[in-house]
Amino acid sequence: MATTITSSPNSLLFHHSTSSRKPSSLRLYTPSHASLRRISCTAVSTPPPSVSSSASTGRVFNFAAGPAILPESVILEAQAELFNYQGSGMSIMEMSHRSKEFDYVIKKAESDLRSLLSISDDYSVLFLQGGATTQFAAAPLNLCASPDTTVDYVVTGSWGDKAFKEAQKYCKPNLIWSGKAEKYTKIPSFDSLQQSPDARYLHICANETIHGVEFKDYPTPANKDAVLVADMSSNFCSKPVDVSRFGLIYAGAQKNVGPSGVTVVIVRKDLIGNAQPITPVMLDYKTHADTLSLYNTPPCFAIYICGLVFADLLKQGGLVEVEKNNAKKAGILYDTIDASGGYYVCPVEKSVRSLMNVPFTLRQPELEKTFIAEASKEGMVQLKGHRSVGGMRASIYNAMPLAGVEKLVAFMKDFQARNP
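Residues numbered from 1 in each chain as written. Predicted model: local features only at pLDDT ≥ 70, side-chain atom pairs only at ≥ 80, totals over all residues. Heavy atoms only, no water.

A. Looking closely at the pairing of strand β6 (residues 172–178). Of the strand pairs in this sheet, strand β5 (residues 150–155) and β6 are connected by six bridges, and their pairing is parallel. Each residue of the ladder has a partner; that of Val 155, found in β6, is Ser 178. Crossover handedness for the path β5 to helix α5 (residues 158–167) to β6: right-handed. (Pairing = 2+ DSSP bridges. Helix = DSSP H or I, 4+ residues; strand = E, 2+ residues; numbered from the N terminus. Right-handed = clockwise from strand over helix to strand, strands pointing away.)

Okay, here's the thing in structure tokens:
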């Protein structure tokens with residue numbers, strides 16, 4: 001029987017958002033015009049070069065957890081523009097972040113992201129540096145009035161655990177649930193969570209990259225004045241999300257929407273401006289909201305690539321279509337694992353299996369190195385599991401084509417037949 005891949009109840013596969021807010025529009029500089037004008041998210045998209053198959057270009061199927069695979073069309077478009085961006089006479093890597101050209105790039109990226117996630121004017125979108133790990137400190141510093149402020153953490157994997165430990169320096173976090181005793185293979189029933197009545201926020205990691213555990217729905221803070229905070233690094237823009245349910249979303253771009261070097265922060269505007277006095281200027285959301293992410297030199301090239309990825313996701317039909325593709329890929333891989341008679345094992349509870357990161361082990365652990373080596377020779381790389389858990393892990397982000405997953409499962413079946 002085929003595996004049923006569950007999607008979030010927030011997904012537009014099931015219903016439309018009840019929010020009446022509309023995504024904000026931005027005034028963007030268009031390289032071909034000297035003045036600012038209001039544009040649609042697709043009005044100025046550059047047609048990407050034609051894309052050859054991975055086989056004909058010598059590219060491999062990259063199953064890395066991050067930095068990770070990017071759409072070939074995006075890489076080729078960046079390649080075409082790299083030497084002389086939009087007739088500017090210089091590369092995007094060379095130009096000033098204060099230039100008209102880059103002003104257009106960053107505003108277009110924000111506009112397209114707002115369209116993808118239906119982000120309203122109630123939220124600021126920031127392009128920052130330091131990775132999601134820096135946000136482990138920035139979140140409590142910005143949202144907690146003092147080090148005595150109470151917050152709640154649900155820890156479903158290694159990254160949630162790191163966030164909880166970092167928060168201990170800047171507030172009083174309560175660990176209200178941890179999956180560590182069960183090796184991070186499940187997510188708790190939300191009704192069972194013993195939330196603190198005075199918690200300022202409830203923090204989750206929406207998808208645990210290492211352990212392959214993903215929230216399909218999201219808990220609601222018990223305190224009506226609290227907000228939900230989520231690290232969405234490894235499933236960001238992989239499916240529709242009702243942003244209005246969150247006070248703060250942050251995500252390292254290097255897994256699903258760009259190269260390493262830029263972190264996307266979506267924060268409700270009323271939460272900005274109350275950072276603790278000890279907050280470094282570069283960790284204060286107000287610093288970046290007031291300067292439109294241009295307080296200092298941002299990671300220009302990384303933001304540019306993110307912008308190309310956002311435009312590509314819109315061309316695919318938005319996140320509803322993206323989620324359908326992701327569910328299909330994940331279903332094929334999980335079905336192969338479950339139909340192997342225990343030869344391959346995914347330890348994660350089926351209802352919360354990640355669509356992005358699929359960890360699995362072999363019944364004969366001594367064959368895992370051989371599996372990884374042979375897969376690499378066949379053009380499938382970075383399948384080794386995280387050093388903290390071992391085994392294998394296939395990260396099948398948005399940009400992983402169906403052909404890559406089909407090749408992997410064919411190899412898995414052949415490997416099992418040759419090594420019973």
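B. How the structure looks around the confidence of the model for the protein. With 87% of its residues at a pLDDT of at least 70, the protein reaches an overall mean of 90. Counting contacts from residues 6–25, a segment whose pLDDT is below 50, to residues more than four positions away or on other chains yields 45 contacts. Every residue in residues 29–53 scores below 50 in pLDDT, and together they form 50 contacts with partners more than four places removed in sequence or on other chains. (pLDDT = per-residue confidence, 0-100. Contact = heavy atoms within 4.5 Å.)

C. Structural context of the pattern of salt bridges. Going through the model one piece at a time under the given rule, you end up with 17 salt bridges. With its nearest N and O atoms 3.2 Å apart, the salt bridge here joins Glu 214 to Lys 216. Pair check on accessibility: Glu 214 and Lys 216 agree, each one buried. We note a salt bridge from Glu 374 to Arg 418, for which the minimum N-O separation is 2.8 Å. Separated by 44 residues along the polypeptide, Glu 374 in helix α9 (residues 368–377) and Arg 418 in helix α10 (residues 402–418) bring together distant segments of the chain. The partly exposed category is assigned to Arg 418, whose relative accessible area is 42%. What you see here is one network of salt bridges that share partners, running through Glu 214, Lys 216 and Lys 239. (Salt bridge = Lys/Arg side-chain N within 4 Å of Asp/Glu carboxyl O. Buried < 20%, exposed > 50% of the residue type's maximum accessible area, 1.4 Å probe, protein only.)

D. Summary view of the pairing of strand β7 (residues 201–205). In terms of burial, β7 is largely enclosed, as five of its five residues are buried. On β7, burial covers both faces: Tyr 201, His 203 and Cys 205 on one face and Leu 202 and Ile 204 on the other are all buried. Here β5 pairs with β7 via two bridges, running parallel. Counted as the bridge partner of Tyr 153 is His 203 from β7.

E. Here's a closer look at the packing of aromatic side chains. Applying the stated criterion across every chain yields a total of 14 aromatic pairs. Ring centres of Tyr 344 and Phe 360 lie 5.9 Å apart, and the angle between their planes is 80°; this geometry places the pair in the edge-to-face category. Pair noted here: Tyr 344 is in strand β13 (residues 344–345) and Phe 360 is in strand β14 (residues 357–362), with a separation of 16 residues, a long-range link. The class of Phe 360 is buried, set by a relative accessible area of 1%. Pairing Phe 371 with Phe 411 gives two aromatic rings, centres 5.1 Å apart and planes at 65°, and the pair type is edge-to-face. (Phe/Tyr/Trp six-rings, centres within 6.5 Å; stacked < 30°, edge-to-face > 60°.)

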